[in-house]
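Read off the chains here:
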Amino acid sequence: MQPAIELRGVTKRFLTPSGGVYTALRELDMTIGVGEFCAVVGPTGCGKSTTLALISGLEPASEGEVDVFNNPVKGIPDGIGYMFQADAVFPWKTVLENVAAGPRYHGLSSRDARDRARDWIARVGLAGFEDRYPYQLSGGMRKRVALAQSLINEPRILLMDEPFSALDVQTRSLMENELLGLWAASSASVVFVTHDLEEAISLSDRVFVITAGPGTVKSNYKVDLPRPRNVAEIRFQPHFIEIYEEIWKDLKDEVLVSYERQKRGAA
Amino acid sequence: MSIEAGGREKAETRPLVDLVARRRREHGQRRLKVQGLRLLVAVVVLGGWQLGAQVSDCNSTGHLCVVDKFFWSQPSDIAQKLWTWLTQGTDLGPIWDQVLVTMEETVGGFIVGSILGVIFGVALGRSRLLADVMGPYIKAANAIPRVVVGALFAISLGLDIKAKIATAAILVFFVVFFNAFQGVREVDRNLVANARILGAHDRQLTTEIIIPSALSWIIASLHTSFGLALVGAVVGELFGATQGLGELIYAAKNNFDAAGVFAGMALLAAIALVAEALITALEDRLIRWRPPVTTETRI
């Protein structure tokens, strides 16, 4: 398979406000193929989000190489979409303006951008809400706006940082199914960061387990469950449970390490 | 199934209508109460003042002297003064001309100061280098009591409207500048990152993310800064003018005409109230996207 994203020996250090150096990622290697749906799981604070920031070009790597479609990342690469963990839709723009922002930034006329935006708003099930402001929407609806906002640019790489973690369980599996549907219709590679192993397995082709910080790839597993999948039901399949147990054995140790550290830090 | 649902809906509509009606009634009653109390405050203050002035006799010793009419005037005299101004004009000419002149100076200074404040605030907020270099100078300039610059403008720009606009503008500038600067600094980094990922260039980032985000700060500062613009215009007139409310007050002061000073103040207050209402309307238009505050108290 052709690689869409390659991280080789990537280390990322941050300066802490007190003047110290914090290492978020250490010697991380990761390859994600074109059209592949990958999940990245790991304990809190292991540098999952940092990985996405490096791929998106929002943060430079301290050491190592980050390639997107065989080009080293300098600035934001073309064809990247990014769904943030926090709400990042623009509160002063209506749903329509929010979704139309991407095409407009890429030089489309306001009118054409709006036409395309209407189409995408309908695709994420928000038809009729075009003129609402984000504060008038529920959390799930705002996530739909964010999804349409990212997908309208037809990204070849979609980075998702725990996008559904703030949603209730029902809304969440609904959104996950819709995401899979929209992804299947595109040929995008997805990197989906989550702390929820069940979500990771039910969505993805491959799961990367990251160690407790400083993060590096501990192992990666192929998820050979058939597609199309129904996220709400797939978790009852025996094979799903087998995969879950296998990955959980790996992940559990890291979660414990991270937990012990936090306890010590708090004491 | 559908009949059942329809029946339930009908049953629920009735109390809902009652509830809405009751809310509306309560709202109306509250409004009436507020208006009534407002009127009461005015009656007590003005009535007390008038009464105090009426019962006082401050010219001969040994008599009761609560409010000395000579220094503090009384509401009826002030009202009469206003009436004279309205019907016969002032010593400087028709009263509306004076109001108009002061309004021009104020609005001119307000607009110039706000625009410059936003431009500099956004520029310094966006550029760290510029902020670091200019920071101490701006803080120093802000620490000077800026009304004295009005004297400088009176010398350099002469006695016409330019000097007053400049004085008003410099008072407005710093308030708007600091708010715009802070507003730009407080922009949600997630929103900036999102816009950049979506493909926004630097200019689009400024006009579509940074400025709208800073706008609530900027608009909040406009409430205070209009008052300051009025201060600047009036102070500018005190430094030397031929027309305007400030000059009118100055002339009244020179004649020991307390009623004239108060009448001028009343007109200034009226202008400020009208402007405040206009700015609030502008605010509501520009920040429509903000959730309405449920327990809103506006002053």
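About the criteria used
Residues numbered from 1 in each chain as written. Chains lettered and ligands numbered in written order. Predicted model: local features only at pLDDT ≥ 70, side-chain atom pairs only at ≥ 80, totals over all residues. Heavy atoms only, no water. Core = buried A, V, L, I, M, F, W, Y, C linked by side-chain atoms within 4.5 Å. Buried < 20%, exposed > 50% of the residue type's maximum accessible area, 1.4 Å probe, protein only. Helix = DSSP H or I, 4+ residues; strand = E, 2+ residues; numbered from the N terminus. Contact = heavy atoms within 4.5 Å. Disulfide = S-S within 2.5 Å. Domains from an automatic or database assignment. Buried area = accessible area lost by both parts, 1.4 Å probe. Salt bridge = Lys/Arg side-chain N within 4 Å of Asp/Glu carboxyl O. Polar contact = N/O pair within 3.5 Å; in protein donor to acceptor, adjacent residues only side chain to side chain. Axes fitted to C-alpha atoms, helices over the stretch in contact; angles between N-to-C directions. Parallel < 35°, antiparallel > 145°, perpendicular 65-115°, else oblique. Left-handed = near helix turned anticlockwise from the far one by under 90°.

**Describing the nonpolar core**
For soluble globular proteins, nonpolar side chains are generally found buried alongside one another. The biggest cluster of nonpolar side chains holds 60 residues, and the ones touching the most others in it are Phe90(A) and Ile209(B). For this core, the leading source of residues is helix α9 (residues 202-238) of chain B, giving 10 residues. Once residues lying within four places of it in the same chain are set aside, the contact partners of Phe90(A) are Asn98(A), Ala101(A), Tyr105(A), Pro134(A), Gln149(A), Leu191(B), Asn194(B), Ala195(B), Leu198(B) and Ile209(B). One finds Val95(A), Leu96(A), Val145(A) and Val190(A) within the second-largest nonpolar core, a separate group that totals 34 residues.

**Remarks on the state of the cysteines**
One pass over the structure, following the stated rule, counts one disulfide over all chains. Each sulfur in the disulfide pair Cys58(B) and Cys65(B) lies 2.0 Å from the other. A torsion of 95° about the S-S bond marks the disulfide between Cys58(B) and Cys65(B) as right-handed. Assessed through its relative accessible area of 24%, Cys58(B) is described here as partly exposed. Cys46(A) provides the cysteine sulfur closest to Cys38(A), a residue in no disulfide bond, and the two sulfurs are 15 Å apart. Cys38(A) gets classed as buried once you look at its relative accessible area, which sits at 0%.

**Let's talk about the domain arrangement of chain B**
Residue and element names in this part refer to chain B. Annotation of chain B at the domain level lists domain 1 (1-72) and domain 2 (73-286). Measuring from the centre of the C-alpha atoms in domain 1 to the corresponding centre in domain 2 gives 32 Å. The interface is formed by 11 residues belonging to domain 1 together with eight residues belonging to domain 2. Of the roughly 750 Å² buried where domain 1 meets domain 2, counting both sides, 59% is carbon and sulfur surface. Considering only the side of domain 1, the residues that lose the most area to domain 2 are Trp-49, Gln-50 and Phe-70, jointly responsible for 56% of the buried surface there. Taken together, domain 1 and domain 2 are joined by zero salt bridges. Connecting domain 1 to domain 2 are four residue pairs in polar contact (both at pLDDT 80 or more). At the level of secondary structure, the elements contributing two or more residues to the side of domain 1 that touches domain 2 comprise α1 (2-55) and α2 (69-72). In terms of residue count, α1 provides more of the side of domain 1 that touches domain 2 than any other element does, five residues in total.

**A closer look at the packing of α9(B) against helix α10 (residues 245-254) of chain B**
Residue and element names in this part refer to chain B. Viewed as axis vectors pointing N to C, α9 and α10 meet at an angle of 50°, and their least axial separation amounts to 7 Å. Judged by the inter-axis angle, α9 sits oblique to α10. As α9 packs across α10, the resulting crossing turns out to be right-handed. In contact with Val-234, Glu-237 and Leu-238 of α9, α10 contributes Leu-245, Gly-246, Glu-247 and Tyr-250.

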